[in-house]
Amino acid sequence: MIDDASDLEQLYKGVAQYYTGTLRRFGPTPLGVDWSCAPTQALRFRKLLIVCDFHEPFSLNDIGCGYGALLKYLADYHPDHVIDYLGVDLSQAMVSRARKLWPGQSHKFEQGPAASRTADYSIASGIFNVMLDQPVDMWERFVATTLSQLHESSRRGFAVNFVTAPRSGQDIRRGLYGTTPERWIDFCRSEFSRDVTLIDGYGMSEFTLLIRSPD
Ligand SMILES: C[S@@+](CC[C@H](N)C(=O)[O-])C[C@H]1O[C@@H](n2cnc3c(N)ncnc32)[C@H](O)[C@@H]1O
């Protein structure tokens, strides 16, 4: 965990600046949130949303919501489902763009590193990937802090994704954080819940973890 608030502030500032930059360059598009294309962005949503029970209405916090692409996915694939949605992003520019793209009462956006409310579920797509020039141990303390926030603000469960660490000898893009599933499965099992599901093998060098709260 990160105990020093100023370390965390600096880290948040760097991440927000980075994504404000991608948005300025590429606009509200997958490239604008550093994804390569819309199909893989949607595939990530599909895997993360497995944590949610679509048989009943629920509230959802989308941490690192970017310009709100998840709302388009939900409108396309779950058009009749009632979801009380809150999008949260570190970048004020992302939040402003999301509010412009998604006006209305049924969803809200706020700027910050964590949701101001507890929801049934939370998902976070892509928030652990770009560590910039942070040392790995610092980034891992940030990941642990963020996972704890997700756990505390999710009644029923939450889901996150990570870039898979390359096999030894292979390179990873500079500034990208790659890890093994075991590293964070063990952490989530010891800190939050035994009910952790790994989803991988979906054709990307990434994996998704679903963490369901104990009954
Ligand atoms: C890779 S982009 C993905 C955006 C969106 N989830 C999507 O898939 O379209 C990551 C986003 O998360 C935001 N972000 C990163 N870390 C965050 C954190 N700890 N809290 C809130 N937002 C964060 C960034 O500003 C950026 O907009």
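Figured I'd write up the structure that's included with this text. What you are looking at is a predicted structure, and each value in this text was computed from that prediction instead of being measured.

Some remarks on the overall build of the protein chain
Scanning the protein chain from N- to C-terminus turns up six helices and eight strands. Taken from N to C terminus, the helices and strands of the protein chain fall in the order α-α-β-α-β-α-β-β-α-β-β-α-β-β. For the protein chain, whose C-alpha radius of gyration is 16 Å, the value lies close to the compact-globule estimate of 17 Å for 215 residues. Of all intrachain contacts in the protein chain linking residues separated by at least 6 positions in sequence, the fraction that spans at least 24 positions is 69%.

Side note on helix α4 (residues 92-101)
Residues of α4 that are buried: Met94, Val95, Arg97 and Ala98. One side of α4 holds all its buried residues, which, seen down the axis, span an arc of 165°. In α4, the exposed positions that point more than 90 degrees away from the buried face belong to Gln92 and Lys100. In the core, the buried residues of α4 are packed alongside α1 (5-26), β2 (83-89) and β3 (107-111).

Here we look at unusual backbone geometry
The phi angle at Asp34 is positive, at roughly 75°, despite the residue not being glycine. Mapped onto the elements of the fold, Asp34 is located in the loop between α1 and α2 (38-48). Using a count of 17 C-beta atoms within 10 Å as the deciding quantity, one classes Asp34 as partly exposed. Notably, Leu132 is not glycine yet its phi reads approximately 55°, a positive angle. Tracing the sequence through the fold places Leu132 in the loop between β4 (119-124) and α5 (136-152). Residue classification places Leu132 among the partly exposed positions, given that 14 C-beta atoms sit within 10 Å.

Structural notes on helix α3 (residues 69-77)
Listing the buried residues of α3 in full gives Ala69, Leu70 and Leu71. Looking at the buried residues of α3, the elements they touch are α2, β1 (58-63), β2 and β3.

Section: the site of the ligand
By nearness alone, 21 residues border the ligand, and Tyr19, Gly64, Gly66, Gly126 and Ile127 come closest of all. Tallying contributions element by element places α1 first for the shell around the ligand, with three residues.

Points about the pairing of strand β8 (residues 206-212)
Of all the seven residues making up β8, six are buried; the element is thus mostly covered by neighbouring parts of the structure. Bridge count between strand β5 (residues 154-164) and β8: seven bridges; the pairing is antiparallel. Paired with Val160 across the bridge in β8 is Leu209. For strand β7 (residues 196-199) and β8, the ladder comprises four bridges, and the chain directions are antiparallel. Opposite Ile199, over in β8, you have Thr208 as the bridge partner. Connecting β7 to the next strand, β8, in antiparallel fashion are six residues, including Gly201 with a positive phi near 70°.

Overview of the packing of α1 against α4
Each pair of packed helices can be summarised by the angle the axes make with each other and by the distance between the axes. Taken N-terminus to C-terminus, the directions of α1 and α4 make an angle of 45°; their axes are 8 Å apart at the nearest point. In terms of orientation, α1 lies oblique with respect to α4. Here α1 contributes Tyr19, Thr20 and Leu23 to the contact with α4, which in turn contributes Ala93, Met94 and Arg97. In terms of residue class, the contact of α1 with α4 is built from four nonpolar, one polar and one charged.

Comments concerning the environment of Phe26
Locating Phe26 in the fold gives a position in helix α1. With near-sequence residues (within four places) excluded, Phe26 lies in contact with Leu31 and Gly32.

What to know about the environment of Thr164
Residue position: Thr164 is located in strand β5. With 23 residues separating them in the primary sequence, Thr164 and Arg141 have C-alpha atoms 18 Å apart. Sequence-distant contacts of Thr164, that is, excluding residues within four places in its chain, are made with Gly178, Ser205, Glu206 and Phe207.

Rules used in this analysis
- Throughout, residues of each chain are indexed from 1 in the direction in which the sequence is written.
- Selection of residues for local features in this predicted model requires a pLDDT of at least 70, selection of side-chain atom pairs for listing and counting requires 80 or more, and totals for whole chains, interfaces and linings are taken over all residues.
- Numbered from the N terminus, helices here are DSSP runs of H or I no shorter than four residues, and strands are runs of E no shorter than two.
- Only the C-alpha atoms count toward the radius of gyration. The rule for a globule is 2.2 Å times the residue count to the power 0.38.
- Residues are scored as being in contact if the C-beta atoms we place from backbone atoms lie within 7 Å.
- Three exposure classes are used, all based on how many other C-beta atoms lie within 10 Å of a residue's own C-beta (placed from the backbone): buried at 20 or more, exposed at 12 or fewer, and partly exposed between those limits.
- Directions pointing from the helix axis toward each C-beta atom define the arc.
- A molecule or strand has a residue near it when that residue's C-beta atom, placed from backbone coordinates, lies within 6 Å of it.
- A pair of strands is treated as paired once DSSP finds two or more bridges between them.
- A fitted line through C-alpha atoms serves as each axis, taken over the contacting stretch for helices, and the angle formed by two N-to-C directions is quoted from 0 to 180°.
- Each angle receives one of four descriptions, namely roughly parallel if under 35 degrees, roughly antiparallel if over 145, roughly perpendicular if within 65 to 115, and oblique otherwise.
- When residue character is reported, Ala, Val, Leu, Ile, Met, Phe, Trp, Tyr, Cys and Pro are called nonpolar, Asp, Glu, Lys and Arg charged, and the others, Gly included, polar.

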